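Read off the chains here:
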Amino acid sequence: PEAQVVQSCMTSSETQYELKGLWRIQNAKLLRRWSTYYAELQRDLREDCAGAPEVRMVFHGCREAKNVNNIAHYGFDNMYSASDDSVNLYGHGVYFAQHLERSEPYCCPSPKELVQSGAPLGSRIAFVGVLTVGSCTVGRASELRPPRVPASKSGRRFD
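Residues numbered from 1 in each chain as written. Predicted model: local features only at pLDDT ≥ 70, side-chain atom pairs only at ≥ 80, totals over all residues. Heavy atoms only, no water.

Let's talk about the overall build of the chain
Part 1 of the argument: Broken down by element type, the chain carries five helices and two strands.
Part 2 of the argument: Seen in sequence order, the chain has helices and strands lined up from the N terminus as α-α-β-α-α-α-β.
Part 3 of the argument: Taken over C-alpha atoms, the radius of gyration comes to 17 Å for the chain, in line with the 15 Å a tight globule of 159 residues would show.
Part 4 of the argument: In terms of overall dimensions, the chain has C-alpha extents of about 50 × 40 × 35 Å along its principal axes.
Part 5 of the argument: Taking the intrachain contacts of the chain between residues at least 6 apart in sequence as the baseline, contacts between residues at least 24 apart amount to 61%. (Helix = DSSP H or I, 4+ residues; strand = E, 2+ residues; numbered from the N terminus. Rg over C-alpha atoms; globule rule 2.2 N^0.38 Å. Contact = heavy atoms within 4.5 Å.)

Overview of the environment of Cys-9
Part 1 of the argument: Mapped onto the elements of the fold, Cys-9 is located in helix α1 (residues 2-11).
Part 2 of the argument: Of the residues examined, Cys-9 reaches a relative accessible area of 17% and is grouped as buried.
Part 3 of the argument: Each C-alpha atom of the pair Cys-9 and Met-57 lies 8.0 Å from the other, and the pair is 48 residues apart in sequence.
Part 4 of the argument: Setting aside residues no more than four positions away along its own chain, Cys-9 makes contact with Met-57 and Phe-59. (Buried < 20%, exposed > 50% of the residue type's maximum accessible area, 1.4 Å probe, protein only.)

Details of the side chain of Ser-135
Part 1 of the argument: Relative to the helices and strands, Ser-135 is located in the segment after β2 (127-133).
Part 2 of the argument: Here Arg-156 takes part through its side chain, which lies 2.8 Å from a polar atom of the side chain of Ser-135.
Part 3 of the argument: Setting aside residues no more than four positions away along its own chain, Ser-135 makes contact with Leu-45, Val-149, Arg-156, Phe-158 and Asp-159. (Polar contact = N/O pair within 3.5 Å; in protein donor to acceptor, adjacent residues only side chain to side chain.)

Thoughts on the packing of aromatic side chains
Part 1 of the argument: The final tally for this structure, using the stated rule, is three aromatic pairs.
Part 2 of the argument: Seen in terms of ring centroids, Phe-76 and Phe-96 are 4.9 Å apart; in terms of plane orientation they differ by 85°. Their pairing is edge-to-face. With Phe-76 in the loop between α3 (65-74) and α4 (100-103) and Phe-96 in the loop between α3 and α4, this pair connects stretches of sequence that are 20 residues apart.
Part 3 of the argument: On the accessibility criterion, Phe-76 (38% relative accessible area) is partly exposed.
Part 4 of the argument: On the basis of relative accessible area, Phe-96 is assigned to the partly exposed category, the value being 30%.
Part 5 of the argument: Centroid distance Phe-76 to Phe-127: 5.8 Å. Interplanar angle 80°. Geometry classified as edge-to-face. Of this pair, Phe-76 sits in the loop between α3 and α4 while Phe-127 sits in strand β2, placing them 51 residues apart in sequence.
Part 6 of the argument: Put simply, the rings of Phe-76, Phe-96 and Phe-127 touch in pairs and so form one group of aromatic residues. (Phe/Tyr/Trp six-rings, centres within 6.5 Å; stacked < 30°, edge-to-face > 60°.)

Keep in mind these numbers describe shape, not what the thing actually does.
Below, the structure written as structure tokens:
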């Protein structure tokens, strides 16, 4: 079922992609951290009368194979967005896309560990995940953090 969901998200874009392999990464520590964040965001949005968080399936490409292992073990980290080769068009942060063709230029070749476990030679890696969204705004390249949501009682920031 997960492969069908991912494949349908891949084919919803203008460019057709072929799913050659799917590895599920479920890091229990990161899942607990997300669950806590999600519960807090639900409370904050309720308090602000701003509805409920939206959960979206998104893609993320990383340029270097060494980053695949770091993301799998430690999650996405804004610290890496400060590197000299990061684009950061809308401010420092980790970028996700709802359509694979936006992340595809950043997808690196499969690391040797994945090739050894069945990834075809020449295949490239994209992370597929769920992204929790509370409030959105367009960022600016000069911003290190998103601005605060003006009407928020809790002082939360835009996602």
